[in-house]
Amino acid sequence: MERIVYTSRARTDLASDEVFRIIETSARNNPARDVTGFLIFNQNRFLQLVEGERQALDELLGVLKRDPRHCDLAIHVREPAIKRCFPNWRMRRLGSASEGGAEILHILAERDIGPQCMQLVGEFLTYSEVVSQKRSA
Ligand SMILES: Cc1cc2nc3c(=O)[nH]c(=O)nc-3n(C[C@H](O)[C@H](O)[C@H](O)COP(=O)(O)O)c2cc1C
């Protein structure tokens, strides 16, 4: 089992219903790969955490890299995971409407995603652009 956190940049100003569609597709497809996690869309950038078996994650990454809706995909964390932090999240969107940054961090703090992932999410919520460019530069 592994955990990956990546960031990417939306190609154009994505309509919010496009993000909704991405979540819908992900929630439909991820059970077949046994992948779980969450997606944050902030300042035209994505941060996604996915957890699952190595091969399933490699397959998903292959699909994601070909998706024209985003670019500059940069993997910031790829680490072994003993167990899932989000066993019931086929793909949950965090940060829509009512959830601000503090609320997201509060939700994640209860899930034990580890200090590196927490820091990354915290930085992303504050400076999406900087975090996205750090690894892709
Ligand atoms: C930021 C982002 C995150 C995505 N996350 C997932 C995901 O977790 N699982 C998934 O199956 N597709 C995800 N997608 C969509 C895939 O790139 C691809 O469009 C989709 O899997 C194709 O599914 P379909 O063949 O059922 O249409 C994501 C796309 C974007 C832009």
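All figures in this text were calculated on a predicted structure; none of them were measured in a lab.

S.K.: Please give an account of helix α2 (residues 54–65) that cites residues and values.
M.R.: Note on helix geometry: an α-helix contains 3.6 residues per turn, so any two residues three or four positions apart are oriented the same way. Counted at 1.5 Å a residue, the expected span for α2 with its 12 residues is 16 Å, and the 16 Å between its end C-alpha atoms agrees. Listed in full, the buried residues belonging to α2 are Ala56, Leu57, Leu60, Leu61 and Leu64. Projected down its long axis, α2 shows its buried positions confined to an angular sector of 135°, all on one face. Exposed and oriented more than 90 degrees from the buried face of α2 are Gln55 and Lys65.

S.K.: Describe the pattern of salt bridges, listing the residues and the values that go with them.
M.R.: Tallying each qualifying case throughout the model produces 11 salt bridges. Between Arg3 and Glu79 there is a salt bridge; the shortest N-O distance is 2.8 Å. Here the residue Arg3 occupies a position in strand β1 (residues 2–10), and Glu79 occupies one in strand β4 (residues 70–80), the gap between them amounting to 76 residues. By the burial criterion, Arg3 is buried, and Glu79 matches it. Of the charged contacts, one joins Arg84 and Asp34 as a salt bridge, the two residues approaching to 3.3 Å between their closest N and O atoms. Of this pair, Arg84 sits in the loop between β4 and β5 (92–94) while Asp34 sits in the loop between α1 (16–33) and β2 (36–42), placing them 50 residues apart in sequence. A single network of salt bridges, built from pairs that share partners, joins Asp17, Glu18, Arg21, Asp67 and Arg69.

S.K.: Break down the sheet that holds β4 for me, citing the residues and quoting the values.
M.R.: Backbone hydrogen bonds hold the strands of a sheet together, and the pairing may be parallel or antiparallel. Read across the open sheet, the 5 strands follow the order β4-β1-β3-β2-β5; overall the sheet is mixed. A strand with exactly one partner marks an edge of an open sheet, and here the two such strands are β4 and β5. The average angle at which neighbouring strand axes cross in this sheet is 20°, direction not considered.

S.K.: Describe the packing of aromatic side chains, and please don't skip the residues or the numbers.
M.R.: Tallied over the entire structure, the rule returns 3 aromatic pairs. Where Phe41 meets Phe46, the ring centres are 4.9 Å apart and the plane angle is 40°; that geometry is what we call tilted. Phe46 carries the same exposure label as Phe41, and that label is buried. Here the aromatic rings of Phe86 and Trp89 are separated by 4.7 Å at their centres, their planes lie at 25°, and the arrangement is stacked. With relative accessibility at 0%, the residue Phe86 sits in the buried group. Judged by its relative accessible area of 8%, Trp89 falls in the buried class. Taken together through their ring pairs, the aromatic side chains of Phe38, Phe86 and Trp89 make up a single cluster. Its end group placed over the ring of Trp89, Arg92 keeps NZ or CZ at 4.7 Å from the ring centre.

The rules we used
Residues numbered from 1 in each chain as written. Predicted model: local features only at pLDDT ≥ 70, side-chain atom pairs only at ≥ 80, totals over all residues. Heavy atoms only, no water. Helix = DSSP H or I, 4+ residues; strand = E, 2+ residues; numbered from the N terminus. Expected span 1.5 Å × (residues − 1). Buried < 20%, exposed > 50% of the residue type's maximum accessible area, 1.4 Å probe, protein only. Arc of directions from axis to C-beta. Salt bridge = Lys/Arg side-chain N within 4 Å of Asp/Glu carboxyl O. Pairing = 2+ DSSP bridges. Axes fitted to C-alpha atoms, helices over the stretch in contact; angles between N-to-C directions. Phe/Tyr/Trp six-rings, centres within 6.5 Å; stacked < 30°, edge-to-face > 60°. Lys NZ or Arg CZ within 6 Å of the ring centre and 35° of its normal.

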